[in-house]
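Observations on the model geometry
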Amino acid sequence: MTHIAVLGSTNMDLVTYVEKAPHRGETVTGREFRTIPGGKGANQAIAAARAGATVSMIGAVGNDGFGTRLRSTLEHSGVTTDHLRTIEGPSGTAHIVVDDEGGNAIVVIPGANGTVDHLAPGDEGLIASADALLLQLEIPLAAVLAGARTARAHGVRTILTPAPARPLPPELLDATDLLVPNEHEAATLTGRSDPFTAGAALLDRIPRVVITLGAAGSVYLTRDAEPLAVPAPHVTAVDSTGAGDTYVGALAVALGEERPIREAMAWAATAAALSVQREGASASMPYRSEIEARYTS
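Counting starts from 1 at the beginning of each chain's written sequence and moves along it residue by residue. Residue-level local features of this predicted model are given only where pLDDT is at least 70; pairs of side-chain atoms are given and counted only at 80 or more, and the full residue set underlies all totals for whole chains, interfaces and linings. As a convention, hydrogens and water are excluded, and side-chain values are obtained from all of the structure's heavy atoms.

Moving on: the side chain of Ser-56. Strands are runs of DSSP state E lasting at least 2 residues, helices are runs of H or I lasting at least 4, and numbering of each runs from the N terminus. Assignment of secondary structure puts Ser-56 in strand E4 (residues 54-62). Classification of residues uses two cut-offs on accessible area relative to the type maximum, computed with a 1.4 Å probe and protein chains only: under 20% is buried, over 50% is exposed, and between them is partly exposed. Classification of Ser-56 as buried rests on a relative accessible area of 8%. Here, residues are in contact when the closest pair of their heavy atoms is within 4.5 Å. Excluding residues within four positions of it along the chain, Ser-56 makes contact with His-3, Ile-4, Ala-5, Val-6, Val-79, Thr-80 and Leu-126.

Okay, here's the thing in structure tokens:
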């Protein structure tokens, strides 16, 4: 069983479901409101654990009711939380509007996540013991860079999701083994809208890139082979929140099991396709048995 460490955010998702998202200055009536545990770090941890890995979470929650529920949700999904700190103050929150076409708009308030600006005692040893480290950008960049450097020093595969999209320092890219942006994040990083062109530009600093394209699937680019395009299963989306994190968590598991890259991407796409057919982020993530039952090579 592959061991994955996740250094990242935990948020309580405050989700409003509407027929159509409001424009600036517009008020609309929603049909439902839910509080759902999320955060890109926690989402990827849960996705990887449900997909069959041993997973440990590094991050922080507040000493509020949200923090208690976030920790409980991770543990219930099989994620080890010994390195999930509890700090004075509020937990992170994400305010999400989901429309009837499955699209979403999100505002993230860091809360406790903003205190994760360094590695705490024991974090380096945990990272060193892992097969892979998953990173995102919802905690301070200093901690992301420290985690990536630690993983590189110990020969641990580093998988970075550059979200929310922002320019990245060269030293972080140099310490990343696999970058997994979506097409919009790839465009932000490179200034190029075509995913193949953007991916080729990223290869100047990253040895391997997987760009996710939503319903269109994903593409893989590396320096020593032709680009590889892998389609996604055709499904009707109910809520796409957390789909990218589901893909990354499942992809990390598949790569840890040494599956060929095409198979790993198709397996991860199957997991993501299952997730978009359900509401919520972490709540929608499939278990390994569900992925295997739907996966076709």
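Let's pick the thread back up.
Before going further, it helps to examine the packing of helix H1 (residues 40-50) against helix H8 (residues 243-256). Orientation of H1 relative to H8, taken along the N-to-C sense of each, is 45°, at an axis distance of 7 Å. As far as their axial angle goes, H8 and H1 are oblique. Read as a crossing pair, H1 and H8 show a hand that is right-handed. Taken together, the residues of H8 that come into contact with H1 (itself represented by Lys-40, Asn-43, Gln-44, Ala-47 and Ala-48) are Asp-245, Thr-246, Val-248, Gly-249 and Val-253. In this count, Pro and Cys sit with the nonpolar residues alongside Ala, Val, Leu, Ile, Met, Phe, Trp and Tyr, while Asp, Glu, Lys and Arg are called charged and the others, Gly among them, polar. Tallied by class, residues from the contact of H1 with H8 come to four nonpolar, four polar and two charged. Between N-to-C directions, angles cover 0 to 180 degrees, with each direction set by a line fitted to C-alpha atoms, over the stretch in contact for helices. Note that the term roughly parallel is reserved for angles under 35 degrees, roughly antiparallel for angles over 145, roughly perpendicular for angles of 65 to 115, and oblique for everything else. Each helix crossing is assigned a hand: it is left-handed if the near helix lies turned anticlockwise from the far helix by less than a right angle, otherwise right-handed if that turn is clockwise.

In this description, strands pair whenever DSSP reports at least two bridges between them. Taking strand neighbours across the sheet as the criterion, the nine strands line up as E5-E4-E1-E8-E9-E10-E11-E12-E13 in an open arrangement whose pairing is mixed. In the strand order of this sheet, the two ends are held by strand E5 (79-87) and strand E13 (228-230), each with one partner. Sheet topology places strand E12 (residues 218-222) next to E13; three bridges connect them, and they run antiparallel. The residue of E13 that forms the bridge with Tyr-220 is Leu-228.

Turning our attention to the environment of Val-79. The residue Val-79 is located in strand E5 in this model. Residues Val-79 and Glu-263 lie 184 residues apart in sequence; the distance between their C-alpha atoms is 25 Å. Beyond its immediate sequence surroundings of up to four residues, Val-79 is in contact with Ala-45, Ile-46, Ala-49, Val-55, Ser-56, Met-57 and Leu-74.

Nine residue types can take part in a nonpolar core, namely buried Ala, Val, Leu, Ile, Met, Phe, Trp, Tyr and Cys, and a core is a set of them joined through side-chain atoms within 4.5 Å. Formed by 48 residues in total, the largest nonpolar core has its most connected members in Ile-4, Val-55, Tyr-247 and Leu-251. At nine residues, the largest contribution of residues to this core is made by helix H9 (residues 261-275). Those residues in contact with Val-55, other than ones at most four positions away along the chain, are Ile-4, Val-6, Ala-45, Ala-48, Ala-49, Gly-78, Val-79 and Thr-80. By size, the runner-up hydrophobic cluster in this structure holds 36 residues, among which are Ala-112, Ala-148, Val-156 and Val-219.

Where helix H6 (residues 183-190) contacts helix H7 (residues 195-202), the axes come no closer than 9 Å and their chain directions differ by 50°. One element, H6, and the other, H7, form an angle in the oblique class. As H6 runs across H7, the sense of the crossing is left-handed. Between H6, through Ala-186, Leu-189 and Thr-190, and H7, the contact on the second element is made entirely by Ala-198, Ala-201 and Leu-202. In the contact of H6 with H7, the residues fall into five nonpolar, one polar and no charged.

Right, let's talk about the layout of surface pockets for a bit. Computed from the structure, the largest pocket encloses a volume of approximately 1100 Å³. Surrounding the largest pocket, 47 residues form its lining, Asn-182, Ser-240, Gly-242, Ala-243 and Gly-244 being those nearest its centre. Going through the elements one at a time, strand E2 (11-17), H1, strand E6 (92-98), strand E7 (104-109), H6, H8 and H9 are the ones with two or more residues in the lining of the largest pocket. For the lining of the largest pocket, the leading source of residues is H8, giving five residues. For the lining of the largest pocket, the residue count by class is 22 nonpolar, 18 polar and seven charged. Site definitions follow a grid-based scheme: protein atoms alone, a 1 Å grid, a 1.4 Å probe that fits but cannot get out for cavities, and for pockets an open set with protein on both sides within 12 Å along at least five of seven lines, plus lining residues having an atom within 4 Å of a point. Grid points are joined across faces, edges and corners, and a volume is the space filled by probe spheres set on the points. Of the volumes computed, that of the second largest pocket is approximately 190 Å³. Considering the residues around the second largest pocket, the lining is formed by 13 residues, among which Pro-231, Ala-266, Thr-270, Tyr-295 and Thr-296 are closest to the centre.

Within the secondary structure, Ser-218 is located in strand E12. What Ser-218 contacts, discounting residues up to four positions off in sequence, is Val-210, Ile-211, Thr-212, Leu-213, Leu-228, Ala-229, Val-230, Tyr-247 and Met-265.

Time to look at the UniProt feature "binding site: ATP" (unreviewed entry) in the chain. UniProt positions are given in the numbering used here, feature names are shortened, and annotations may be inferred rather than shown by experiment. Taking the UniProt record as the reference, the feature "binding site: ATP" (unreviewed entry) is found at Asn-182, Thr-212, Leu-213, Gly-214, Ala-215, Ala-216, Gly-217, Gly-244 and Asp-245. Taking the annotated residues in turn, Asn-182, Thr-212, Leu-213, Gly-214, Ala-215, Gly-217, Gly-244 and Asp-245 line the largest pocket. Looking at where Gly-244 falls in the secondary structure, it is placed in helix H8. Turning to its location among the elements, Asp-245 is positioned in helix H8. Asp-245 sits in the buried class, given a relative accessible area of 4%. Residues contacting Asp-245, with those up to four places away along its chain left out, are Lys-40, Asn-43, Gln-44, Ala-47 and Met-285.

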